[in-house]
Structures are given as structure tokens and as C-alpha cells.
Amino acid sequence: MSTGHDHAPQGAHRGKLAIAFGITATILVAELIGAWWTNSLALLVDAGHMLTDASGLLMALIAANLALRPPTPERTWGWRRSEVLAAGAQAAVLLGVGVYAFVEGVRRLWTPPEVTAGGLLVFGVVGLVGNIVSMLVLSSGRGANLNMRAAFLEVVNDALGSVAVIVSAVVIALTGWTRIDALAGMLIATLIVPRAITILREAGSILLESTPPGLNLEEVRRHILEVPHVVGVHDLHASTIATGLPVLTAHVVVEEACFADGHAAQMLTDLQACVADHFDVSVEHSTFQLESPDHAQREHTTHS
């Protein structure tokens, strides 16, 4: 038996993602033209970053639409995990861009090419303005789920990359030191890689059905055992379907008398309230199998 809830997501942030995608795609085209014109690694890397982000925002937008689809007998949670897959894909491509940027930056430190400072500055400012607008659009929804968080972090990284491009252009214009362009490209890479790894780790943890962060299953077990008439707990599992949607299942052994006097229904209510209200991570989607001591002994395999 389990709690009854409406699992359908609302997808309230699709409009914000669509606006951010439109802005990012426009900046991408401008920066590709600018990178070709100025021969700037920093602008090229930032354009590569923008390509990744435009693709990522498009995937996030598609995922937000897929998440609106209702559950079916084949997909009982609907498409809720699409946001996790989209975030993981974004992070994986971001990681590749970051590694390439760093390697190419090292090469250009040894053989710096000519870079057009004026054009670099113009395209850097255009990119920064666009990224700031996208940040403002996405900021209110960045905590909604992993998908929105990944999208917001990508736009923040883009803004920092645009700042690096602007600084590079100013230094080249004032001093003629073109190696700053390679250093700026490497700086953008160092901004990309750690955040990409963080998102990859979080998405991978959800896909591997790890215990939700902040939920200690040993504490859950102890608390369940403290519920009156509970004599044992086994097959206790907790995972995350999507951001903000933790689930928990357990086989709970209760006193034989609970089935005779009709107390089992109240036991189920107590157990569901226990995991929904007692812990920092509220698990409203819980499923408990109530068992008599005899039944628990007859189960083929159990694990803690």
C-alpha cells in the first residue's frame, strides 16, 4: 500500500527556457562570426560553450515538455527522469568543451596567433549583455529541479566567459599581448569543468538510485522500529525519481495481533507519517509492505 499523489509535473518553466534558448542561440551565431573574424581562442571557446549551452537549453526545453506527459502503464512515473537525462547530457558535453579549451589554450601559449582586439571587445559585450538577460529570466526558477539548475549554471558560466573575453580584448588593445587570449580561453575551461563534474555526479547519483542526499536510512530504520507494534524492518530502499521527488519502500514486520484486531491500517498511516514528517528530507511517496513474523520468515531472500 502506498500514499496517493498526483505525480504529473507542472512544467512551469518552459517559457523561461524558451526565452533563454532564443537569446543563447542568437549569441552563438554572433560569436561564431566574431571568432572567425578576430581569430580569438577565447571567443571561439566561448562560442563552443554557447553551442553546448544552446543545445543544453534546447534539451532542457524538450525535457520540460516531456515531463508534462502523464504516467502510463509502461512509464509509471511519466517522463520525470527526462530532466535528469538532459542535465547529464549537458554536463557531459560541457566537460568535453572544457577539456578541449584547456588543451588548445596551452598550445596557443607557445604559438600565439594574431587577434583583432576591437572586434573581440564588441562580441564580448554582446555576449555578456545577452547572458545577463538570460540569467534574469532563469534566476527565479533555478532551484526548481536539476534541469533548471544545470541551465542556469550554464548561462552563468557563459557570462563569466564573456567577461574573460572582454578583459582579453582590453589587454590586447592596450598592450598587444595576445597570449592573454589563450589564458582567457583556459580560464573559461576552468570555470566549465568543475560545474560540469558536479552536475554529472548528481545526475549519475539519481540514475543509480542512490539514497537521496540528507536522508540517513539507518536513522529511518531506527525511527520505524520505534513505531509501536513494529518488530522488524528489511528491504528498506530510498531513491530519487527526479529533483524533489524522493521515494521509499520497505517491508515492515508487525505484531501478529495487528492483523487480527484491524490495527494494520492505522500502522500504515503511522509509518507514512513517520517518513513524511520526521526527517529533513520529506518522503511523501512511500510504500510499505506490512508482514507478520511468520510471513517474514517464509520470504525467499531479504536484505537490509
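Scroll up a little and you will see the structure.
Owing to the predicted nature of the structure, the values given are computational and were not obtained by experimental measurement.

1. Thoughts on helix α6 (residues 179–207)
Right, so step 1: In a regular helix each residue adds 1.5 Å, so 29 residues correspond to 42 Å; α6 covers 42 Å between its end C-alpha atoms and thus fits that length.
Right, so step 2: Just past α6, the residue Glu209 takes up positive phi, approximately 60 degrees.

2. So, a nonpolar patch on the surface
Right, so step 1: Residues Leu121, Val125, Val129, Val133, Val170 and Leu174 make up a contiguous nonpolar surface patch of roughly 490 Å² in combined accessible area.
Right, so step 2: Of all the secondary structure elements, the ones that give two or more residues to the nonpolar patch are α4 (117–139) and α5 (146–175).
Right, so step 3: Per-element tally for the nonpolar patch: the top contributor is α4, with four residues.
Right, so step 4: Taking relative accessible area as the criterion, Leu174 reaches 71% and is therefore assigned exposed.

3. Let's talk about the pattern of salt bridges
Pairs may arise between side chains of opposite charge once their charged atoms sit close together.
Right, so step 1: According to the stated counting rule, one finds four salt bridges in the structure shown.
Right, so step 2: The partner of Arg108 in a salt bridge is Asp181, and the shortest N-O contact between them spans 3.9 Å. Residue Arg108 is located in helix α3 (residues 82–110), and its partner Asp181 is located in helix α6; the two are separated by 73 residues in the primary sequence. Each member of the pair, Arg108 as well as Asp181, is classed as buried.
Right, so step 3: The structure contains a network of salt bridges with shared partners spanning Glu104, Arg107, Arg108 and Asp181.

4. Observations regarding the side chain of Ser168
Right, so step 1: If you trace the backbone, Ser168 turns up in helix α5.
Right, so step 2: Setting aside residues no more than four positions away along its own chain, Ser168 makes contact with Leu120, Ile180, Asp181 and Ala184.

5. A word on the packing of helix α1 (residues 14–38) against α4
Two numbers describe a pair of packed helices, the interaxial angle and the distance between the axes.
Right, so step 1: Running from N to C, α1 and α4 cross one another at 170 degrees; their axes reach a closest spacing of 9 Å. For the element pair α1 / α4, the angle class is roughly antiparallel. Of α4, the residues touching α1 (which contributes Lys16, Leu17, Ile19, Ala20, Ile23, Thr24, Ile27, Ala30, Glu31, Gly34, Trp37 and Thr38) are Gly119, Leu120, Phe123, Val126, Gly127, Gly130, Asn131, Val133, Ser134, Val137 and Leu138.
Right, so step 2: In terms of residue class, the contact of α1 with α4 is made up of 13 nonpolar, eight polar and two charged.

6. Examining the sheet that holds strand β1 (residues 230–242)
Right, so step 1: The three strands lie next to each other as β1-β2-β3, forming an open sheet whose pairing is mixed. One side of each edge strand has no neighbouring strand; the edge strands of this open sheet are β1 and β3 (285–291). Neighbour-to-neighbour, the strand axes of this sheet turn through a mean angle of 15 degrees, independent of strand direction.
Right, so step 2: Bridge count for strand β2 (residues 245–254) against β3 is seven bridges, and the pairing is parallel. By the bridge assignment for β3, His251 is matched with Gln289.

7. Considering the environment of Glu31
Right, so step 1: Residue placement: Glu31 occurs in helix α1.
Right, so step 2: Classification of Glu31 by relative accessible area gives buried; the value is 1%.
Right, so step 3: In this structure the C-alpha to C-alpha distance between Glu31 and Gly124, which are 93 residues apart in sequence, comes to 8.1 Å.

8. With respect to the pairing of β2
Right, so step 1: Where burial is concerned, most of β2 is hidden: nine out of the ten residues are buried.
Right, so step 2: In the sheet, β1 pairs with β2 via nine bridges, with the strands oriented antiparallel. By the bridge assignment for β2, Thr240 is matched with Pro246.
Right, so step 3: What sits between the antiparallel neighbours β1 and β2 is a turn of two residues, in which Gly244 has the positive phi angle 80 degrees.

9. A short note on the nonpolar core
The tendency in soluble globular proteins is for nonpolar side chains to be buried side by side.
Right, so step 1: Residues Leu43, Val45, Leu120, Val165, Ile172, Ile188 and Ile192 are the most contacted members of the largest nonpolar core, which totals 27 residues.
Right, so step 2: Put simply, the parts of the chain that give this core at least two residues each are α1, α2 (41–66), α3, α4, α5 and α6.
Right, so step 3: For this core, the leading source of residues is α6, giving eight residues.
Right, so step 4: Those residues in contact with Val45 that sit more than four places away from it in its chain are Val97, Ala101, Gly185 and Ile188.
Right, so step 5: Counting residues in hydrophobic clusters, the runner-up holds 25 residues, among them Leu215, Val252, Cys274 and Val283.

Conventions used here
Residues numbered from 1 in each chain as written. Predicted model: local features only at pLDDT ≥ 70, side-chain atom pairs only at ≥ 80, totals over all residues. Heavy atoms only, no water. Helix = DSSP H or I, 4+ residues; strand = E, 2+ residues; numbered from the N terminus. Expected span 1.5 Å × (residues − 1). Patch = residues over 30% accessible without salt bridge, like charges linked within 9 Å, V, L, I, M, F, W, Y side chains within 5 Å. Areas by Shrake-Rupley, 256 points an atom, 1.4 Å probe, with all protein chains shown as cover. Salt bridge = Lys/Arg side-chain N within 4 Å of Asp/Glu carboxyl O. Buried < 20%, exposed > 50% of the residue type's maximum accessible area, 1.4 Å probe, protein only. Contact = heavy atoms within 4.5 Å. Axes fitted to C-alpha atoms, helices over the stretch in contact; angles between N-to-C directions. Parallel < 35°, antiparallel > 145°, perpendicular 65-115°, else oblique. Nonpolar A, V, L, I, M, F, W, Y, C, P; charged D, E, K, R; others polar. Pairing = 2+ DSSP bridges. Core = buried A, V, L, I, M, F, W, Y, C linked by side-chain atoms within 4.5 Å.

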